[in-house]
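# Structural description and commentary
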Amino acid sequence: MDKISAALIFGIIGMVLLSGMIVYRTWIADVDKLDEIDAVTAEVPLQQELICNDDTSITSNANKKLWLRVKIIYREEYDADGYQVISEAVSDGEWIEKDGWYYYRVPLELAQTTRPLMDRLLYGGQEVEQGETGRFSLQVEAVDEAWLLERPEDAYQAFRDFTALSPIFP
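Now for a look at the structure at hand. Not measured: the values here are computed from a predicted model.

Reading the values: rules and limits
- Residues numbered from 1 in each chain as written.
- Predicted model: local features only at pLDDT ≥ 70, side-chain atom pairs only at ≥ 80, totals over all residues.
- Heavy atoms only, no water.
- Core = buried A, V, L, I, M, F, W, Y, C linked by side-chain atoms within 4.5 Å.
- Buried < 20%, exposed > 50% of the residue type's maximum accessible area, 1.4 Å probe, protein only.
- Helix = DSSP H or I, 4+ residues; strand = E, 2+ residues; numbered from the N terminus.
- Contact = heavy atoms within 4.5 Å.
- Salt bridge = Lys/Arg side-chain N within 4 Å of Asp/Glu carboxyl O.
- Patch = residues over 30% accessible without salt bridge, like charges linked within 9 Å, V, L, I, M, F, W, Y side chains within 5 Å.
- Areas by Shrake-Rupley, 256 points an atom, 1.4 Å probe, with all protein chains shown as cover.
- Pairing = 2+ DSSP bridges.
- Phe/Tyr/Trp six-rings, centres within 6.5 Å; stacked < 30°, edge-to-face > 60°.
- Lys NZ or Arg CZ within 6 Å of the ring centre and 35° of its normal.

## Let's talk about the nonpolar core
Soluble globular proteins: nonpolar side chains tend toward being buried together. In this structure, Ile58, Leu68, Ile72, Trp95, Leu117 and Leu121 are the most contacted members of the largest nonpolar core, which totals 18 residues. Where this core is concerned, the elements lending two or more residues are strand E3 (66–74) and strand E6 (101–104). Examining the composition of this core, we find that 5 residues originate from one element, E3, more than from any other. Not counting the four nearest positions on each side in its chain, Leu68 is found in contact with Leu50, Ile58, Tyr102, Tyr103, Tyr104, Leu108, Thr114, Glu141, Ala142, Ala155 and Phe159. Among the nonpolar cores identified, the runner-up in size contains 9 residues, and Trp101, Tyr103, Leu148 and Phe159 belong to it.

## Structural notes on unusual backbone geometry
The phi dihedral of Thr56 falls on the positive side, at around 65 degrees, and the residue is not glycine. Thr56 gets classed as buried once you look at its relative accessible area, which sits at 9%. Residues other than glycine seldom take positive phi values, yet Ala111 does so here, at roughly 70 degrees. With respect to the element layout, Ala111 can be found in the loop between E6 and strand E7 (120–123). Residue class for Ala111 comes out exposed when judged on its relative accessible area of 58%.

## Digging into the pattern of salt bridges
Here the structure, examined in full by the defined rule, presents 7 salt bridges. Between Arg75 and Glu77 there is a salt bridge whose closest N-O contact spans 2.1 Å. For Arg75, a relative accessible area of 34% puts it in the partly exposed group. In this structure, the salt-bridge partner of Arg151 is Glu145, at a minimum N-O distance of 3.7 Å.

## Here we look at a nonpolar patch on the surface
On the surface, a cluster of nonpolar side chains totalling about 440 Å² of accessible area is made up of Ile9, Phe10, Ile13 and Leu17. Topologically, Ile9 is positioned in helix H1 (residues 3–43).

## Here's the deal with the sheet that holds strand E8 (residues 126–127)
One open sheet accounts for 3 strands, arranged E4-E7-E8; its pairing is antiparallel. Edge positions in the sheet fall to strand E4 (83–86) and E8, since each has one partner strand and no second. Two elements, E7 and E8, share 2 bridges in a ladder whose sense is antiparallel. By the bridge assignment for E8, Leu122 is matched with Glu127.

## A look at the packing of aromatic side chains
Tallied over the full model, the rule gives 8 aromatic pairs. Relative to Tyr123, the ring of Tyr78 has its centre 5.6 Å away and its plane inclined at 80 degrees; by these criteria the two rings are edge-to-face. You can see Tyr78 sitting in the loop between E3 and E4 and its partner Tyr123 sitting in strand E7, a full 45 residues away along the chain. In this structure Tyr78 comes out as partly exposed when scored by relative accessible area, which is 25%. Ring-pair connections join several aromatic residues into one group, and the members of that group are Tyr74, Tyr78, Tyr83 and Tyr123. Across the ring face of Trp101, the terminal group of Arg69 is positioned such that the distance to the ring centre comes to 4.0 Å. Against the face of Tyr156 rests Lys98, its NZ or CZ located 4.3 Å from the ring centre.

Here you go:
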C-alpha cells in the first residue's frame, strides 16, 4: 500500500469518526434541550379565549368579536327531557334557543361577559342543588366574526354562514 492510499484510508476513517461524534452529540444535546423546553413550556399557562364561569356565564379572553353558542350536555344516567332550564336571560332574549343550542344575541369582545345561561335548573320539577356537580356540562363554541364574509345579524346566522364556508364543521 502506498502512502497516498494510507492517507486516504486514515482520512476516511477520521471523517466517519468525526461525523459519528457530531451526530451523537447533536442527538444527545437536542434531547436534553427538548426536555428542558418541555419543562419550561409546561409551566406557562395556556391562553383560553373563552372562560366558563360557575354561574354559567362566559367571559371572552380574546381580542376578537366572537359569536357564541352553547349546548347543555346532561349526564347519560339522567333523562335529558326531565330537565327544565329557568333563565331570565333566555326570557329577555339575550340567549336564543334553536335546534338544541343557545345562541348569544350579540358578539362578545375582549373582557365582556354574557349573562348567565341558567338561573335555576329543575329535574322532574325539583330544583337541582348547586352542590350536585357533574349533572351537566356546557359545550361552548365560538365563531370569530373575521372568519365570515359579512357581518351576521345574530349568532345563529354566524354559525350557519360559517358552516356553509367550512365543509368540515358539523
